[in-house]
Structure formats: structure tokens, C-alpha cells
Amino acid sequence: MTDPRLRWLCRDRTLIAAPALVMGIVNVTPDSFSDGGRFAAPDAAVAHGLGLVAEGADLLDVGGESTRPGAQPVPLDEELRRVVPAVRELAARAGVPISVDTSKAEVARKALAAGAHVINDVTALTGDADMGAVVRDFGAGVVLMHMQGTPATMQVAPAYADVVAEVTAFLEARLQAALDLGIAGEQVVLDPGIGFGKTAGHNLELLARLGHLRRLGRPVCLGVSRKGFLGRVLARPLEGRLAGSLAAACFALGRGAAQVLRVHDVAATRDAVTVYRALQGAADRPAAPPSEENGR
Ligand code: HH2
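In this text, all values refer to a predicted model and were calculated from it rather than measured experimentally.

Cut-offs and rules
Residues numbered from 1 in each chain as written. Predicted model: local features only at pLDDT ≥ 70, side-chain atom pairs only at ≥ 80, totals over all residues. Heavy atoms only, no water. Helix = DSSP H or I, 4+ residues; strand = E, 2+ residues; numbered from the N terminus. Rg over C-alpha atoms; globule rule 2.2 N^0.38 Å. Buried < 20%, exposed > 50% of the residue type's maximum accessible area, 1.4 Å probe, protein only. Lys, Arg positive; Asp, Glu negative; His and termini not counted. Charge placed at Lys NZ, Arg CZ, Asp CG, Glu CD. Contact = heavy atoms within 4.5 Å. Near = heavy atom within 4 Å. Polar contact = N/O pair within 3.5 Å; in protein donor to acceptor, adjacent residues only side chain to side chain. Areas by Shrake-Rupley, 256 points an atom, 1.4 Å probe, with all protein chains shown as cover. Nonpolar A, V, L, I, M, F, W, Y, C, P; charged D, E, K, R; others polar. Arc of directions from axis to C-beta. Core = buried A, V, L, I, M, F, W, Y, C linked by side-chain atoms within 4.5 Å. Patch = residues over 30% accessible without salt bridge, like charges linked within 9 Å, V, L, I, M, F, W, Y side chains within 5 Å. Salt bridge = Lys/Arg side-chain N within 4 Å of Asp/Glu carboxyl O.

How would you sum up the overall build of the protein chain? Please name residues and give values.
When you go through the protein chain residue by residue, the secondary structure sums to nine helices and ten strands. At 19 Å, the protein chain has a C-alpha radius of gyration in line with the 19 Å of a compact globule built from 296 residues. Considered along the principal axes of its C-alpha atoms, the protein chain spans approximately 65 × 45 × 40 Å. Out of the 296 residues belonging to the protein chain, those deemed buried represent 52%. In the protein chain, the 31 positive side-chain charges and the 32 negative ones have mean positions that sit 2 Å from each other.

Below is the structure:
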């Protein structure tokens, strides 16, 4: 029997987040931090999403509003125009559940009506008073993410007394708020919001102690892919951060502290998860007697 803490109910689908689901990022935006403008036309976004599925994505996360530091909000009409056609097409053709990265209830409603399964809300249902009801009424999966401030200002002076305790308390309260709205616990995935109102030091501390979130009993979504704290550690630009992204993801996997990996580089992440799973299997088997064979 699957551990109910790893079961993620997303409308008519039940995803099992073990050891980890790979969520491929499809940004239909002109200004996203790492791939802004590359897939801004819906056709290009759809082709990119289908490519990520071919690389092994378990689900896709389609976004029409950048949340990079300093980003300005996108008007509703524009976000609908970017997101809904791409979601409709991907939901029909991709064969995997489609998540929509939005904090607007109307975008969520239209995207779910077009076939999406998950709402990834970086405001954790605090940005739009109607969002919780939309998630509940569709029985959608939902990602509740921590952020200090808003994208426009969040990196100005992030400050915490204890970043791990504050993020954990926030996510616990947002999970409870979702339950109070009538959303089932099994619909919810939690996310510490790496890079959202956090210094590089805060991000490293959160990652190092991510296991604290396990006590909330829900899968954790982790978005470290190509992010700025890796650039700080490595002194590398965006295109040089793949190995660092994989190291951070594997560290979290090894601690049982991440079950949904939100990534740009699906093929490489899929390989990392596959090798992690093989090693986990080997570690769980009883030790074999010593042999002469050289296993290289
Ligand atoms: N990170 C970004 C956007 N959405 N959602 C969740 N749940 N977790 C994250 O860490 C997260 C997120 C930022 O990455 P990206 O989508 O590539 O950039 P942009 O926001 O500039 O479009």
C-alpha cells in the first residue's frame, strides 16, 4: 500500500510522489529569469512541453507570469491569452498532468476547464480570495509555496529570525487554511519557495534542513533549477548551473525531503532520479556475501 503522505490527488489522476516526480517547466513568458522569450508563443510552448515529456517529465508546469525578482504583475487578459491555449493543447496531447503556475483564480478556473490538473500558486492561496474555492470545486492538486513579500520587492532585504521555523510555520498554516476551505489534504503539496524573499544563505539553510517539512505529512515540491543561490555558490551564469541544480536536488532526495522536482532540465533530472532510485533499491537489499568480481 502506498504511503498516503505520498499520494497526490489531482482531479481524475492520483500521482505517487516516490521517490520523486519530475515537473518540467514551460514558461509562456517574454521575461522569465532563465528562459524568458524562448517559448513565449503558444506553439513554441507546446512543442517545448511535448519535448520535456519525451525527456521523461511526469508533469508539466505552465506559467504565463514571471515571478523572478523585480517582475511586474501581468494583466489578467494577457495571462489568459498566454496560458489557456497552451494548456488546452498540452492537456490533449502531452499524456501527463498539466500544472498551471498562477495566483489568479480566473486563470486557474479557465485553465482547469481547459484540462489542467494542478494549480501551482506561489502565493499559497493568499493572492486571490477566490483561488481556494476554484481548487476545491475542481478537486485539483495544488502547490502551496512560501514567499516573503512579492516578486517586485522580495529580494530587497529578506530577513528571518529562523528561516526554517518561519517557512515551516507558514506552510503549516496555509495547509490548515486549505483544509478549512474544504480542500482535501491529499490534494496539497508544499513548497519552501527557494529564491522567493530569501538570501543565498537562507536558501542553503532551508535546503540543508528541509527534512523539517516532513512532519507536515505532505509531499514537498522543490524549485532549485538554475536559481541565483547556485550562481552565488558556483560563481556561474545561468547556463552553467545544471550540475549544481542536480546536486541540490539529490541532496534533498537523499533526505527524503523533496518529492516533486520543478526543473528546466528534465532529461538530466530524470537520470539523476533514476540513479537515485537504483541506489536506494540497492541500499534496501540485504548485503551480498563478498565476491571476487570486479563490479566496475
Ligand atoms: N520558482 C519559479 C516559479 N514558480 N513555483 C513553485 N512552486 N516553486 C518554485 O520554486 C518556483 C515556482 C521561478 O522559476 P521560473 O518559472 O523558471 O522563472 P520565472 O518565475 O521568472 O518565470
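If you had to explain the environment of Arg241 to someone new, which residues and values would you point to?
On the secondary structure map, Arg241 appears in the loop between helix H7 (228-234) and helix H8 (242-254). When the C-alpha atoms of Arg241 and Leu230 are compared, they prove to be 6.6 Å apart, with eleven residues separating the residues in sequence. If we skip the residues at most four places from it in the chain, Arg241 touches Arg226, Lys227, Gly228, Leu230, Gly231, Leu234 and Arg236.

Lay out unusual backbone geometry in plain terms, naming residues and giving numbers.
Residue Ala18 is joined to Pro19 through a cis peptide bond whose omega torsion reads -15 degrees. Turning to its location among the elements, Pro19 is positioned in the loop between strand S2 (13-16) and strand S3 (21-27). Unusually for a residue other than glycine, Leu125 sits at a positive phi of about 70 degrees. Assignment of secondary structure puts Leu125 in the loop between strand S6 (118-121) and helix H4 (131-138). The exposure class of Leu125 is buried, given its relative accessible area of 9%.

An account of the site of the ligand is requested, with residue identities and associated values reported.
Surveying the vicinity of the ligand reveals 17 residues, the closest of which are Ser32, Ser66, Thr67, Asp191 and Lys227. Residue Asn27 places a side-chain N or O atom 3.3 Å away from an oxygen atom belonging to the ligand. Ser66 places a polar side-chain atom, nitrogen or oxygen, 2.7 Å from an oxygen atom of the ligand. Relative to its unbound accessible surface of 480 Å², the ligand loses 98% to contact with the protein. In terms of residue class, the shell around the ligand is built from five nonpolar, seven polar and five charged.

Could you give an account of helix H3 (residues 105-113), naming the residues involved and the relevant values?
Along H3, the residues that are buried comprise Ala105, Val107, Ala108, Ala111 and Leu112. Axial view of H3: buried residues confined to an arc of 160 degrees, hence all on one face. In this fold, the buried residues of H3 make contact with helix H2 (76-93), strand S5 (98-101), S6 and H4. At the exit of H3 stands Gly115, carrying a positive phi of roughly 115 degrees.

Tell me about the nonpolar core, and name the residues and values.
Counting 71 residues, the largest nonpolar core has Leu60, Val87, Leu222 and Leu261 as its most contacted members. Residues in contact with Val87, not counting those within four places in the same chain, are Val62, Ile98, Val100, Ala111, Ala114 and Ala116. Membership of the second largest hydrophobic core comes to twelve residues, among which are Trp8, Ala17, Val118 and Cys221.

Account for a nonpolar patch on the surface, with residues named and values stated.
Where nonpolar side chains cluster on the molecular surface, the patch consists of Leu204, Val233 and Leu234 and spans about 240 Å² of accessible area. Counting through the fold element by element, Leu234 comes out in helix H7. Judged by relative accessible area, Leu234 falls into the partly exposed class, the value being 33%.

Which residues make up the side chain of His48, and what values go with them?
Here His48 is to be found in helix H1 (residues 42-54). With residues near it in sequence (within four places) discarded, His48 still touches Ile25, Val26 and Phe39.

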